[in-house]
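An overview of the molecular structure
Spelled out, the chains give:
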Amino acid sequence: MRAAVIYENGGPDVLRYEDVPDPQCPDGCVLIDVEAISIEGGDLLHRAGSPPPSVPHIVGYLAAGTIAEVGAGVENRAVGDRVVALNSDGSHAAKRVVPAITTWPIPDPLDTAHAACIPVAFGTAQECLFTAGNLQAGQTALIHAGAGGVGMAAIQLAKQAGATVLSTASSDEKLERLREFGLDHGINYARENFVERTMDLTDGRGAEVVLDSVGGQNLVDSIGALAYRGTLVSVGLAGRAGSNVEARALWEKNNALRGVFLGGVLLSEFPRVHGMIGDLVERVAGGELRVVIDRTFPLSQAAAAHEYIETRQAFGRVVMEP
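Residues numbered from 1 in each chain as written. Predicted model: local features only at pLDDT ≥ 70, side-chain atom pairs only at ≥ 80, totals over all residues. Heavy atoms only, no water.

**Re the packing of helix 3 (residues 118-132) against helix 4 (residues 149-160)**
With their axes 8 Å apart at the nearest point, helix 3 and helix 4 run at an angle of 55° to one another. Considering their axes alone, helix 3 and helix 4 lie oblique with respect to each other. Regarding helix 3 and helix 4, the two cross each other, and that crossing is right-handed. Contacts from Ala121, Phe122, Thr124, Ala125, Gln126, Leu129 and Phe130 in helix 3 reach Gly149, Val150, Ala153, Ala154, Gln156, Leu157 and Ala158 in helix 4. (Axes fitted to C-alpha atoms, helices over the stretch in contact; angles between N-to-C directions. Helix = DSSP H or I, 4+ residues; strand = E, 2+ residues; numbered from the N terminus. Parallel < 35°, antiparallel > 145°, perpendicular 65-115°, else oblique. Left-handed = near helix turned anticlockwise from the far one by under 90°. Contact = heavy atoms within 4.5 Å.)

Shown next as structure tokens:
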């Protein structure tokens, strides 16, 4: 089969499009003919900084397609089923083997490419807002990087939960486009101070939940945008790097800092989170939630696809097709 592989860490140019052996399908697993690959932030980080366990190594969390083979012991999946599959690596390929329990059926109304984009972005947003942030109707949520996958999912989920939704983005154009997804007030971080603007928009109260996927100084500054007993939620490997939060800064308004890593939640609370993601897939299929695909690349252009994401031009998701 053909795959985008790495032999070393680095920029997008370390991705090579090569022939590699077809994967075998052991007990408890399914072999999927991949039709769509959603590029996740973790895929970029693994390519750039996580030494490959062996080479050639296939990065990638999420892919969707049709089951071509079922391993022994699998009872709830069959050849011909359409599924979206999540695993720690292996998505950037024409075929993929994953444990059957880390797949979700794709409902008939939902196309494969959009299904591929759901589990990580929507699952992470759900965990951040409601499990970590305990967002309630009538509260305010500030969502950083609203035009990204997690951000766009969070805007929709927060609005549907009855919250007032604020979001940052790099341009007025992106913020205007986000209004159709439930954004109430946009903040252009290129020319506005998001802390001051949040306080203005909330009459000095602040946001009960701030979702930060940016990290660095952005995470530190977000403390200033919190309401009394508000929760700052840090998500993603990028969000945990290079941020020196002083605990004293949280004391004055009895604020909380919470971290979310969907992979860790899946390991610790698998039944709950697997069911939650399945529900989100159904909500997208039913039209209650939307996935936006900005661009689709052939898998042979994986390096270009990664580079495009890193330029921060995308509005929504970037997908590859084998």
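What follows continues from the structure just given.
**Observations concerning the sheet that holds strand 13 (residues 226-235)**
Pairing in this open sheet of six strands is parallel, and the strands run 11-10-9-12-13-14 from one edge to the other. At either margin of the open sheet sits one strand with a lone partner, and together these are strand 11 (185-188) and strand 14 (256-260). For this sheet, the mean inter-axis angle between neighbouring strands, taken without regard to orientation, is 20°. Here four bridges tie strand 10 (residues 164-169) to strand 11, and the two strands are oriented parallel to one another. Bridging from a neighbouring strand, Leu166 pairs with His185 of strand 11. (Pairing = 2+ DSSP bridges.)

**Here we look at the packing of aromatic side chains**
Counted according to the given criterion, the structure contains two aromatic pairs. Relative to Phe315, the ring of Phe181 has its centre 6.4 Å away and its plane inclined at 50°; by these criteria the two rings are tilted. Separated by 134 residues along the polypeptide, Phe181 in the loop between helix 5 (172-178) and strand 11 and Phe315 in the loop between helix 11 (302-310) and strand 16 (317-321) bring together distant segments of the chain. Overall, the relative accessible area of 3% leaves Phe315 in the buried class. Note on Phe297 and Tyr308: the rings are 6.0 Å apart at their centroids and 50° apart in plane angle, and the pair reads as tilted. Here Tyr308 lies in helix 11 and Phe297 lies in strand 15 (residues 293-298), a separation of eleven residues in the sequence. For the pair shown, Phe297 and Tyr308 are each scored as buried. (Phe/Tyr/Trp six-rings, centres within 6.5 Å; stacked < 30°, edge-to-face > 60°. Buried < 20%, exposed > 50% of the residue type's maximum accessible area, 1.4 Å probe, protein only.)

**Looking at helix 4**
When the terminal C-alpha atoms of helix 4 are compared, their 17 Å separation across twelve residues agrees well with the 16 Å that a helix rising 1.5 Å per residue should span. By the criterion of burial, helix 4 is predominantly enclosed, with nine of the twelve residues buried. Of all the residues in helix 4, the buried ones are Gly149, Gly151, Met152, Ala153, Ala154, Ile155, Gln156, Leu157 and Ala158. Downstream of helix 4 by a residue or two, Gly162 has a phi angle that is positive, lying close to 95°. (Expected span 1.5 Å × (residues − 1).)

**Description of the sheet that holds strand 1 (residues 2-6)**
Pairing is antiparallel in the open sheet, where three strands are placed in the order 2-1-4. The sheet is open, and its two borders are formed by strand 2 (16-19) and strand 4 (57-58), each paired with just one other strand. Across two bridges, the pairing between strand 1 and strand 4 is antiparallel. Counted as the bridge partner of Ile6 is His57 from strand 4.

**Some words on the nonpolar core**
Counting 58 residues, the largest nonpolar core has Leu110, Ile118, Phe122, Leu129, Ala158 and Leu178 as its most contacted members. Among the elements that make up this core, the one with the highest residue count is helix 3 (eight residues). With near-sequence residues (within four places) excluded, Ala158 lies in contact with Leu129, Leu135, Ala141, Ile143, Ala163 and Val165. Of all hydrophobic cores here, the second largest spans 26 residues; its members include Leu15, Leu44, Phe297 and Ala305. (Core = buried A, V, L, I, M, F, W, Y, C linked by side-chain atoms within 4.5 Å.)

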